[in-house]
Amino acid sequence: MNNTKIDSKPTEEVLASTDVLVVGAGIIGLAHAAIAHQAGFSVTVIERDHRAIGASIRNFGHACITAQHGELYDLAQAGRRHWLDFASKAGFWALEAGALVVAATELELQLLREFSASRPVGQVRVLDAEEVRAKLGRENTDGIRGGAFLADDLRVDPRTTVGTLASWLDRQENAEVHFNTAAVDFTFGTTRRARVKTSRGIYETDHVFICVGHDVDYLFPEVALEHKITRCSLQMAAAAAPESTTIIPAVLTATSMLRYDAFTRMPSAPRLRIHMESQRPDLLDIGANVMFTQRPDGTMLLGDSHSYELTQPPFLSESTTDTLLDAAAKVLDVERFTLTERWQGIYASSDVAPLLVKEISESVTLVSVTSGIGMTVSFGLAEANLNAMLPAGASRRSTSQVS
Ligand SMILES: Cc1cc2nc3c(=O)[nH]c(=O)nc-3n(C[C@H](O)[C@H](O)[C@H](O)COP(=O)(O)OP(=O)(O)OC[C@H]3O[C@@H](n4cnc5c(N)ncnc54)[C@H](O)[C@@H]3O)c2cc1C
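Small disclaimer: the values here were computed from a predicted structure and weren't measured.

**Student:** Could you clarify how one ought to interpret the overall build of the protein in this entry?
**Tutor:** Each helix and strand counted, the protein has 14 helices and 20 strands in total. Taking 2.2 N^0.38 as the reference for a compact globule, 403 residues should give roughly 22 Å; the C-alpha atoms of the protein span a radius of gyration of 22 Å, in line with that estimate. A principal-axis box enclosing the C-alpha atoms of the protein has dimensions of 65 × 45 × 40 Å. For the protein, buried positions account for 57% of its 403 residues. Of the contacts made within the protein by residues no fewer than 6 positions apart, 73% connect residues no fewer than 24 positions apart. A gap of 2 Å separates the mean positions of the 37 positive and 49 negative side-chain charges of the protein.

**Student:** What's the story with the site of the ligand in this structure? I'm lost.
**Tutor:** The full set close to the ligand counts 34 residues, and E47, S56, N59, H62 and T376 are the nearest of them. The contact in question runs from an oxygen atom of the ligand to an N or O atom on the side chain of R48, over 3.0 Å. A183 places a polar main-chain atom, nitrogen or oxygen, 2.9 Å from a nitrogen atom of the ligand. A total of 1,000 Å² of accessible area belongs to the ligand in isolation, and the protein chains cover 96% of it. Of all the secondary-structure elements, those providing two or more residues to the shell around the ligand are α1 (27-38), α2 (55-58), β13 (230-239), β18 (339-349) and α14 (374-389). Here the residues of the shell around the ligand sort into 18 nonpolar, 12 polar and 4 charged.

**Student:** What's the story with the sheet that holds strand β8 (residues 154-156) in this structure? I'm lost.
**Tutor:** Adjacent strands of a sheet form backbone hydrogen bonds with each other and so pair up, either parallel or antiparallel. Taken in spatial order, the 3 strands of this open sheet run β3-β8-β4, and their pairing is antiparallel. Every interior strand has two partners, whereas the edge strands, β3 (62-63) and β4 (94-95), have only one. When β3 meets β8, the two strands line up antiparallel, connected through 2 bridges. Counted as the bridge partner of H62 is R155 from β8. Of the strands in this sheet, β3, β4 and β8 are in contact with helix α3 (residues 70-90), which crosses β8 at around 35°.

**Student:** Help me understand the pattern of salt bridges in this model?
**Tutor:** Pairing between side chains of opposite charge can happen when their charged atoms approach one another. Within the structure shown, the criterion is met by 19 salt bridges. Linking R159 and E341 is a salt bridge whose minimum nitrogen-to-oxygen distance equals 3.0 Å. With R159 in the loop between β8 and α6 (161-171) and E341 in strand β18, the pair connects residues that are 182 residues apart, well separated along the chain. Measuring nitrogen to oxygen at the nearest pair gives 2.6 Å for the salt bridge that ties E318 to R342. With E318 in helix α13 (residues 318-332) and R342 in strand β18, this pair connects stretches of sequence that are 24 residues apart. Accessibility expressed as a relative area gives 39% for R342, which makes it partly exposed. One salt-bridge network, held together by shared partners, links R48, D215, D217 and R231.

**Student:** What is the right way to look at the packing of aromatic side chains in this model?
**Tutor:** Pairs of aromatic rings are described using the distance from one ring centre to the other and the angle between the two planes. Per the counting criterion, the structure on display carries 6 aromatic pairs. When the centroid spacing of 4.9 Å and the interplanar angle of 65° are considered together, the rings of F115 and F263 count as edge-to-face. Of this pair, F115 sits in helix α4 (residues 106-117) while F263 sits in helix α10 (residues 261-264), placing them 148 residues apart in sequence. For F115, a relative accessible area of 0% corresponds to the buried category. An aromatic cluster is defined as three or more aromatic residues linked by ring pairs; in this entry it consists of W83, F86, F92, W168 and F379.

**Student:** How do you make sense of the pairing of strand β15 (residues 291-294) when you look at a structure like this?
**Tutor:** Successive residues of a regular strand alternate their side chains across the two faces of the sheet. The side-chain alternation of β15 yields two buried faces, one formed by M291 and T293 and the other by F292 and Q294. Two elements, β15 and strand β16 (residues 300-303), share 4 bridges in a ladder whose sense is antiparallel. Within β16, the residue paired with F292 across the bridge is L302. Connecting β15 to the next strand, β16, in antiparallel fashion are 5 residues, including G298 with a positive phi near 95°.

**Student:** I'm lost on the nonpolar core in this one. Help?
**Tutor:** The nonpolar side chains of a soluble globular protein tend to be buried with one another. Core analysis: the biggest nonpolar cluster contains 108 residues, and L136 and F263 have the highest contact counts within it. Sorting elements by how many residues they give to this core places α1 first, with 8 residues. Shared between two domains, this core holds at least three residues of each, these being domain 1 (1-95 + 157-226 + 352-403) and domain 2 (99-151 + 230-349). Once residues within four sequence positions are removed from consideration, L136 is found in contact with L100, V102, I144, T245, I247, V251, V331 and L332. The next biggest cluster of nonpolar side chains, apart from the first, holds 21 residues, and it includes A16, I46, Y203 and A348.

**Student:** Hey, could you run me through the side chain of T66 in this one?
**Tutor:** One can find T66 in the loop between β3 and α3. With relative accessibility at 0%, the residue T66 sits in the buried group. Of the polar contacts made by the side chain of T66, one reaches the side chain of D153; its length is 2.6 Å.

**Student:** Looking at this structure, how should I read the domain arrangement of the protein?
**Tutor:** When the parts of a complex come together, some accessible area is lost, and that lost area is often taken as the interface size. Per the domain assignment, the segments of the protein are domain 1 (1-95 + 157-226 + 352-403) and domain 2 (99-151 + 230-349). Placing a centre on the C-alpha atoms of domain 1 and another on those of domain 2 gives a separation of 30 Å. Facing the 30 residues of domain 1 at the interface are 35 residues of domain 2. Together, the buried faces of domain 1 and domain 2 total about 2,500 Å²; carbon and sulfur atoms form 58% of this surface.

Conventions adopted
Residues numbered from 1 in each chain as written. Predicted model: local features only at pLDDT ≥ 70, side-chain atom pairs only at ≥ 80, totals over all residues. Heavy atoms only, no water. Helix = DSSP H or I, 4+ residues; strand = E, 2+ residues; numbered from the N terminus. Rg over C-alpha atoms; globule rule 2.2 N^0.38 Å. Buried < 20%, exposed > 50% of the residue type's maximum accessible area, 1.4 Å probe, protein only. Contact = heavy atoms within 4.5 Å. Lys, Arg positive; Asp, Glu negative; His and termini not counted. Charge placed at Lys NZ, Arg CZ, Asp CG, Glu CD. Near = heavy atom within 4 Å. Polar contact = N/O pair within 3.5 Å; in protein donor to acceptor, adjacent residues only side chain to side chain. Areas by Shrake-Rupley, 256 points an atom, 1.4 Å probe, with all protein chains shown as cover. Nonpolar A, V, L, I, M, F, W, Y, C, P; charged D, E, K, R; others polar. Pairing = 2+ DSSP bridges. Axes fitted to C-alpha atoms, helices over the stretch in contact; angles between N-to-C directions. Salt bridge = Lys/Arg side-chain N within 4 Å of Asp/Glu carboxyl O. Phe/Tyr/Trp six-rings, centres within 6.5 Å; stacked < 30°, edge-to-face > 60°. Core = buried A, V, L, I, M, F, W, Y, C linked by side-chain atoms within 4.5 Å. Domains from an automatic or database assignment. Buried area = accessible area lost by both parts, 1.4 Å probe.

Laid out in structure tokens, this is it:
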């Protein structure tokens, strides 16, 4: 084990040497660090900010496992137990809450029936209107035709999870998290070890995972161009829970059925899109995924819209907020929400592939989730990337497969 921390020094000095260096203390970086540490590697995380304030704290905290398809589903399921395991070790809030998909029409319910039939028994349970009402704590079922309960989904509190995980990691032997330290350059030459130049000095490492979220183009513009990475901006809001409502699962709606792969593959999906195009073009215009979750303190997290641009303007549109909140208020049968906060979230997006895992060199791997499901796939992706790294690093460590 080799993990030496030295306080701020002139920038050409070697500050630290570690088996695995992770750049970025968002959930993707921390998941790689946590899994690498668990596998016996010494780990250092560097983060440019004084604390992580990227996509990982701005989201719904929903591990949207069940609605994924193919490789993403496998990664999401593989990461599930790690979420629960690290929640218990690090002491952050995580709930086997499941997700509730609310169907307002027979067509939406039909799609959910198809989805349920496509999955193992019990994973997707179709609900009648009364059962949906009970899960939402609603008084009446107007506007609800039925729904489905997705049992495997998890929830964490996005505001506190990465902060708690980073502090816990920093307290472990052979693990450190260095804030206010920005990676600026990566060199890898005749030796296997990579040298990472940062705003504070040089770090040497056997392997570096670069997990900088949507800022891939700042460090590797040519990779960002090749992978067609752009920035997706989302509008979000927080509100006090209406009349002390407690809603355990993450709540999804028809617009969610148009977004997640597992739904869009169902036979009724094309008809649902056509229906939404004619009935709710305002929601489609803002790329809405009308959904919400509830934080442990009862605050509702409400969202979200999607707009795509390489550089995102920081300004929030009131009409987008209104459209989203009206739609969410209908689901909960409330007149309007009392908002406490609004914010913009940004994540990396690409039409080329939902994930970017690029070997820049034998010792440098660039990782970005380019599909807005980083919370969902984080730990599964980290495990897969660590396993892919191990054969090349067989001389480094006797560790067998990461699990
Ligand atoms: C509004 C919103 C809602 C979402 N909802 C969900 C959801 O419910 N479920 C889900 O699965 N996903 C959701 N997502 C997507 C998810 O939040 C992201 O995919 C995930 O957080 C990305 O994690 P990350 O670690 O790659 O990025 P970030 O959390 O953005 O972290 C990247 C970190 O890298 C640091 N960094 C950047 N450059 C450098 C550098 N040069 N040196 C050092 N540090 C650097 C940044 O400061 C930052 O802290 C949502 C996203 C948004 C915005």
